[in-house]
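Residue-level listing of the chains:
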Amino acid sequence: MTGRAHLTAINSDVEPLVASADDEGDEGIDPGVDLSACSSSTSITSSIMRYREENGRRYHAFRAGRYVLPNDESENERLDLQHHLYLLTFDKRLYTCPAGGDKPLQRVLDAGTGTGIWAIDFADEHPETHVTGVDLSPIQPDFIPPNVSFFVDDLEDTWTFSSKFDLIYARMLTGSLADWPKFIQQSYDNLAPGGWLEISDILLELKSDDGTVPQGCAAAKWGNLMLEAAAKWNRPLDSPKFYKEQLAAAGFTNVHQTIYKWPSSPWPKDPKFKELGMWTYEDLGKGASGLSMALFTRALGWSAEEVEVFLVDVRKDMKNKSIHSYWPVYAVYAQKPESTAGS
């Protein structure tokens, strides 16, 4: 590339989550990047390995501002916890599409690989597959399976991969891309015929099936402000709403969408959702500062102190088990037709 230096799916129209009878409040519970295959036209500049400090958090320097979340140790731990949430959601599966069901996967792309945990797990499960992970930050570990390669690159650039992929996986990229149709088109162009693209993202619109989200709920306001700030930053956080239509428009077939639910705390009666709620609070509640800081200070003009004061009430509402709320999590996949012109 240029510059490369099962929990049953629950849609909105099926049985709602049921709260536990017990609503008493428990809270629940350096770089090793393979740069050897970089484009020969691009030198490995210091900006790739350098970081930026802002409001006590560390951010990537390569293409600074393209990604608004930190890349420090606290955030990396949150990303690994997020991976655990997905495994719970997908019943220990790494992806939901039919890829690999009829023939082995030769090449897989993890777009926005983060800490590389998904790519490493996939490579361990599929030693016959070569997995490529791409991210703006060189935060992946040194010791990796032999069938994994990590690259520092910008997914918003023109892709110049030399071979096609059988599966492209993109998880939690909402808020990271300005032009989703371009990403989807480039994915289509870089898939082998019959290959699959799977995208999964959270939508920060707090929902409830029983109307228990109160007027003025700080957690709901936080989600709305995140959406507002991301729109101003031209990195939309409402992108999951449009994936299904955008995939079809790009020429994909067999488009399938499932909306899962991540409870905001361990309020549900169902044990699986109770566990999901516990870890969701750990991920979003305790990670809210890193998620919010750059967007609120850069796009909304808040001070760091104002953000932290606001987040006190946000966390209070998130872990309030009398508020039966959840965040929708979209999983959308589609297939490139087996026979396409020019493939």
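Residues numbered from 1 in each chain as written. Predicted model: local features only at pLDDT ≥ 70, side-chain atom pairs only at ≥ 80, totals over all residues. Heavy atoms only, no water.

A. Highlighting the nonpolar core. Formed by 64 residues in total, the largest nonpolar core has its most connected members in Y95, F122, L167, W222 and F296. When neighbours within four sequence positions are excluded, L167 is seen to be in contact with Y95, C97, A99, L105, R107, V108, L109, W118, F122, L191 and W196. In terms of nonpolar packing, the next biggest core, distinct from the first, is built from 27 residues, W159, A170, F183 and A334 among them. (Core = buried A, V, L, I, M, F, W, Y, C linked by side-chain atoms within 4.5 Å. Buried < 20%, exposed > 50% of the residue type's maximum accessible area, 1.4 Å probe, protein only. Contact = heavy atoms within 4.5 Å.)

B. Molecular detail of the pattern of salt bridges. Within this structure, the stated rule accounts for twelve salt bridges. Here R78 and D283 are joined by a salt bridge, their closest N and O atoms 3.1 Å apart. Linking R78 in helix α2 (residues 73-89) with D283 in helix α7 (residues 271-285), this pair joins segments that are 205 residues apart in sequence. The buried category is assigned to D283, whose relative accessible area is 0%. A salt bridge links E228 to K232; its shortest N-O distance comes to 3.6 Å. Placement of the pair is E228 and K232 together in helix α5 (residues 218-232), with a separation of four residues, close to one helical turn. By relative accessible area, which is 38% here, E228 ends up partly exposed. Residues participating in the shared-partner salt-bridge network are E75, R78 and D283. (Salt bridge = Lys/Arg side-chain N within 4 Å of Asp/Glu carboxyl O. Helix = DSSP H or I, 4+ residues; strand = E, 2+ residues; numbered from the N terminus.)

C. Spotlight on empty space enclosed by the protein. Of the pockets and cavities examined, the largest cavity occupies roughly 670 Å³. Looking at the lining of the largest cavity, the elements with two or more residues in it are α2, α3 (117-125), β4 (130-135), β6 (165-171), α5 and α8 (288-299). Taken together, the residues of the lining of the largest cavity break down into 23 nonpolar, eleven polar and eight charged. (1 Å grid on protein atoms, 1.4 Å probe; cavity = no way out; pocket = protein on both sides within 12 Å on 5 of 7 lines; lining within 4 Å. Points joined across faces, edges and corners; volume = space filled by probe spheres on them. Nonpolar A, V, L, I, M, F, W, Y, C, P; charged D, E, K, R; others polar.)

D. Highlighting the packing of aromatic side chains. Per the counting criterion, the structure on display carries 17 aromatic pairs. Measuring from centroid to centroid gives 5.3 Å for W180 and F183, while their planes differ by 75°, and the two rings are edge-to-face. One end of the pair is W180 and the other is F183, both in helix α4 (residues 180-189) and three residues apart, which spans about a single turn. Here W180 falls in the buried class, since its relative accessible area comes to 3%. Aromatic ring contacts, followed pair by pair, group W159, F161, F165, W180, F183 and Y243 into a single cluster. The ring of Y59 has R298 lying over it, and the distance from NZ or CZ to the ring centre is 5.1 Å. Sitting over the ring of Y188, K336 keeps its end group 4.9 Å from the ring centre. (Phe/Tyr/Trp six-rings, centres within 6.5 Å; stacked < 30°, edge-to-face > 60°. Lys NZ or Arg CZ within 6 Å of the ring centre and 35° of its normal.)

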